[in-house]
Amino acid sequence: MEEWLTRRWYEKAAGFSLLRPLAWIYGLVTRTRRRAYERRWLRTYRSSAPVLVVGNLTVGGTGKTPLVAWLAERLGARGLRVGIVSRGYGRAGSAPRAVDAQADWREVGDEPVLLQARTGCDIVVARDRSAGVRELAARGAQVIIADDGLQHLRLARDCEVVVIDGARGFGNGLLLPAGPLREPATRVRDADMLVINGPPEHSSLRDSVFVVNAVQMSLQAAQAHRVDGTSPPVPLATFRGQRVHAVAGIGNPARFFRSLRERGLDPIEHAYPDHHAFRAGELEFPDRLPVLMTEKDAVRCRGSAGPRSWYVPVTAAFSEAHSRRLLELVARKLGLESNAGG
């Protein structure tokens, strides 16, 4: 069902769909809710620390997590204490909870564990992002990044950055469930910056006026790390020309498989639903080929992955001009000093 929906959302042009009436109802609810906040019929919470929201308009992976890590590292390099708030998708419980290096992903979510390991920032997970932001401010955060908080309208924000996957774009342009959009594509106009992950190949981006002022991001993978940590990382080029098992339980598995092929690997594709909880033995294939997975998948496999299992972390990368432009905008909107650095 998920595969069928994804294909219909992203590979087919919008045509007749029995889901269109549901999409119309979804859109009506979305517009009504946003109007209620705009007219202050519903109250927002404004933090004492400036808030940067990084989110997406579509269902599925767009490269948002690497961008959050990149921004946290750049802001931290300016001497700022950065906090990150996340919903902690699929975790047990809803109350705010701090994420530390020993946190169990089942209790806080896989992406917060990844971000904590990558950035070392204070991270709080909370279904109510406003409560999480309040907790981070109390812990001394000077700047707070809300990971995937675009539709959490109760949280007032000082800056919004929207991330779009260049290969998928806005899909068929329809709202859920007839299409992949959480909000209409025109919502991009209200954001402070649009970041496009990868070349804007999808027709919805090539023909869109929204992308004219966007900045271009790419995801770079240089090394492979053993999931069990028993040996140092090796260059990803070590596997060039080899047949490998490629495992991805993320929002856009095809992007991971494509990245391996672009680097000269020959992947046997194993796609799983986003945030898939791997069972014991699920990654034991009847051969001796290496098993490569994403960093987010490795969070859910530690303790059960065998010695053939490797994960491939990716980092966000920008041209110098686009990096400067994005950081200067963020600094200005957050009320930081004008020199954003590189």
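Just so it is clear, the structure is predicted and the values come from calculations on it, not from any experiment.

Student: Can you help me understand the layout of surface pockets in this one?
Tutor: Vacant regions in the atomic arrangement are exposed by a probe of water-molecule size rolled over the atoms. Space inside the second largest pocket adds up to approximately 490 Å³. Of all the elements in the fold, those that place two or more residues in the lining of the second largest pocket are helix H2 (20-38) and strand E6 (159-165). Looking at the lining of the second largest pocket, the element that brings in the most residues is H2, giving three residues. Among the residues making up the lining of the second largest pocket, the classes are represented as six nonpolar, one polar and twelve charged.

Student: I'm lost on helix H8 (residues 253-262) in this one. Help?
Tutor: Along an α-helix, a turn takes 3.6 residues, which lines up residues three or four apart on a common side. Pro253, Arg255, Phe256, Phe257, Ser259 and Leu260 are the residues of H8 that are buried. Phi turns positive one or two residues past the end of H8, at glycine 264, with a value near 90°.

Student: Hey, could you run me through the pattern of salt bridges in this one?
Tutor: As a working rule, side chains carrying opposite charge can pair if their charged atoms are close by. Within this structure, the stated rule accounts for 25 salt bridges. Ionic pairing is found between glutamate 107 and arginine 97, a salt bridge with its closest N-O pair at 2.9 Å. Of this pair, glutamate 107 sits in helix H4 (residues 105-108) while arginine 97 sits in strand E3 (residues 97-99); the two residues are ten residues apart in sequence, bridging distant segments of the chain. In this structure, the salt-bridge partner of arginine 106 is aspartate 104, at a minimum N-O distance of 3.4 Å. The exposure class assigned to aspartate 104 is partly exposed, which follows from its relative accessible area of 28%. Here the salt bridges share partners, and the residues they tie into one network are Arg34, Arg157, Glu160, Glu183 and Arg187.

Student: I'm lost on the packing of aromatic side chains in this one. Help?
Tutor: One pair of aromatic rings is described through two measures. These are the centre distance and the angle between the planes. On inspection of all chains with the given rule, the structure shows four aromatic pairs. Where phenylalanine 239 meets tryptophan 310, the ring centres are 5.5 Å apart and the plane angle is 70°; that geometry is what we call edge-to-face. Taken together, the positions of phenylalanine 239 in the loop between strand E10 (234-235) and strand E11 (243-248) and tryptophan 310 in strand E14 (residues 309-312) put the pair 71 residues apart, joining distant regions of the chain. Relative accessible area serves as the criterion here: at 5%, phenylalanine 239 is assigned to the buried category.

Student: Looking at this structure, I do not really get helix H6 (residues 129-138). What am I missing?
Tutor: Every buried residue of H6 is listed here: Arg129, Ser130, Ala131, Gly132, Val133 and Leu136. On its buried face, H6 is in contact with strand E1 (51-55), strand E2 (82-86), strand E4 (122-125) and strand E5 (143-147). Residue aspartate 128 occupies the N-cap position of H6, its side-chain oxygen lying 3.0 Å from the main-chain nitrogen of serine 130.

Student: Looking at this structure, how should I read the packing of helix H3 (residues 64-76) against helix H5 (residues 110-119)?
Tutor: Think of two packed helices as two axes; the pair is described by the angle between the axes and how far apart they sit. Closest axis-to-axis distance for the H3/H5 pair is 10 Å, and the angle between their directions is 30°. Here H3 runs over H5; the crossing is right-handed. Residues Lys64, Thr65, Val68, Ala69, Ala72 and Glu73 of H3 form the contact with H5, whose participating residues are Glu111, Leu114, Leu115, Arg118 and Thr119. In terms of residue class, the contact of H3 with H5 is made up of five nonpolar, two polar and four charged.

About the cut-offs
- Residues numbered from 1 in each chain as written.
- Predicted model: local features only at pLDDT ≥ 70, side-chain atom pairs only at ≥ 80, totals over all residues.
- Heavy atoms only, no water.
- 1 Å grid on protein atoms, 1.4 Å probe; cavity = no way out; pocket = protein on both sides within 12 Å on 5 of 7 lines; lining within 4 Å.
- Points joined across faces, edges and corners; volume = space filled by probe spheres on them.
- Helix = DSSP H or I, 4+ residues; strand = E, 2+ residues; numbered from the N terminus.
- Nonpolar A, V, L, I, M, F, W, Y, C, P; charged D, E, K, R; others polar.
- Buried < 20%, exposed > 50% of the residue type's maximum accessible area, 1.4 Å probe, protein only.
- Salt bridge = Lys/Arg side-chain N within 4 Å of Asp/Glu carboxyl O.
- Phe/Tyr/Trp six-rings, centres within 6.5 Å; stacked < 30°, edge-to-face > 60°.
- Contact = heavy atoms within 4.5 Å.
- Polar contact = N/O pair within 3.5 Å; in protein donor to acceptor, adjacent residues only side chain to side chain.
- Axes fitted to C-alpha atoms, helices over the stretch in contact; angles between N-to-C directions.
- Left-handed = near helix turned anticlockwise from the far one by under 90°.

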